[in-house]
Amino acid sequence: MASITIVSGAPGTGKTTLARGLAAADPRGLHLASDCFYTFPAHPLDPTRPESHAQNTTIVRALGRAAAAFAEGGYGVFLDGIVGPWFLPTLVAELPREAPLEYVVLRAPLAEALERVRRRDGAGASARVAHMHRAFADLGDYAQHAFDATAADPAGVLARVREDRARGRFALARGAVR
């Protein structure tokens, strides 16, 4: 069974760049971008609003099922998305028990994350970025999975995360997911 690596963090921390790089470095790598799943509902709710919880839960379950199908097919899955500790149990419940799991939470200072998102999407997403940045401030039991994505350029972040993965730093024990 192939492994599943969840690359998470607030918007603007480099999740997509890292997940793409990790997938490209794996001969059977697959980048599973969660952002596209949020475009599936014809009338999507803002995922940061409390009333979007049912929508978000359904999307996270669908992400887990898609990741499971690809891992069962032998692909090393690099799931790129905003999967905070609050949704980790929902996602992991959908994944194959045999699949090795990793959880990488990228962090960047709010000002840097805001600037990255402004360059990519314009200024309209600033409130969402700030909201999600606060949501990832306290990882609790998952603090060891945090990675400072400001320490190097994207190639440097990729190299350091690959080294840390080789040492097992981001391994996620199913029994620890609550």
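An account of the accompanying structure is given in this report. (Residues numbered from 1 in each chain as written. Predicted model: local features only at pLDDT ≥ 70, side-chain atom pairs only at ≥ 80, totals over all residues. Heavy atoms only, no water.)

## Examining the overall build of the chain
Here is step 1 of the chain: A tally of regular secondary structure across the chain gives 6 helices and 5 strands.
Here is step 2 of the chain: The order of helices and strands in the chain, counted from the N terminus, is β-α-β-α-β-α-β-α-α-β-α.
Here is step 3 of the chain: Scaling as 2.2 N^0.38, a compact globule of 178 residues should have a C-alpha radius of gyration of about 16 Å, and the chain matches this with 15 Å.
Here is step 4 of the chain: Counting all 178 residues of the chain, 45% fall into the buried class.
Here is step 5 of the chain: Of the contacts formed within the chain by residues at least 6 apart in sequence, a portion of 78% connects residues at least 24 apart.
Here is step 6 of the chain: By element, 54% of the accessible surface of the chain is carried by carbon and sulfur atoms, the whole surface being about 8,800 Å².
Here is step 7 of the chain: A distance of 1 Å separates the average location of the 21 positive side-chain charges in the chain from that of its 18 negative side-chain charges. (Helix = DSSP H or I, 4+ residues; strand = E, 2+ residues; numbered from the N terminus. Rg over C-alpha atoms; globule rule 2.2 N^0.38 Å. Buried < 20%, exposed > 50% of the residue type's maximum accessible area, 1.4 Å probe, protein only. Contact = heavy atoms within 4.5 Å. Areas by Shrake-Rupley, 256 points an atom, 1.4 Å probe, with all protein chains shown as cover. Lys, Arg positive; Asp, Glu negative; His and termini not counted. Charge placed at Lys NZ, Arg CZ, Asp CG, Glu CD.)

## Observations regarding the nonpolar core
Here is step 1 of the chain: In this structure, Ile4, Leu32, Leu79, Leu88, Leu91, Tyr103 and Leu172 are the most contacted members of the largest nonpolar core, which totals 31 residues.
Here is step 2 of the chain: When residues of this core are traced back to their parent elements, those giving at least two are β1 (4–9), β2 (29–33), α2 (53–72), β3 (76–80), α3 (88–92) and β4 (101–107).
Here is step 3 of the chain: If you tally residues by element for this core, the top one is α2, at 6 residues.
Here is step 4 of the chain: Apart from residues no more than four positions distant in its own chain, Tyr103 is found in contact with Ile6, Ser8, Val83, Gly84, Pro85, Leu88, Phe136, Tyr142, His145, Phe170 and Leu172.
Here is step 5 of the chain: Core analysis: the second largest hydrophobic core is formed by 13 residues, Leu18, Phe78, Leu106 and Phe170 among them. (Core = buried A, V, L, I, M, F, W, Y, C linked by side-chain atoms within 4.5 Å.)

Don't take any of this as a statement about function, it's just geometry.
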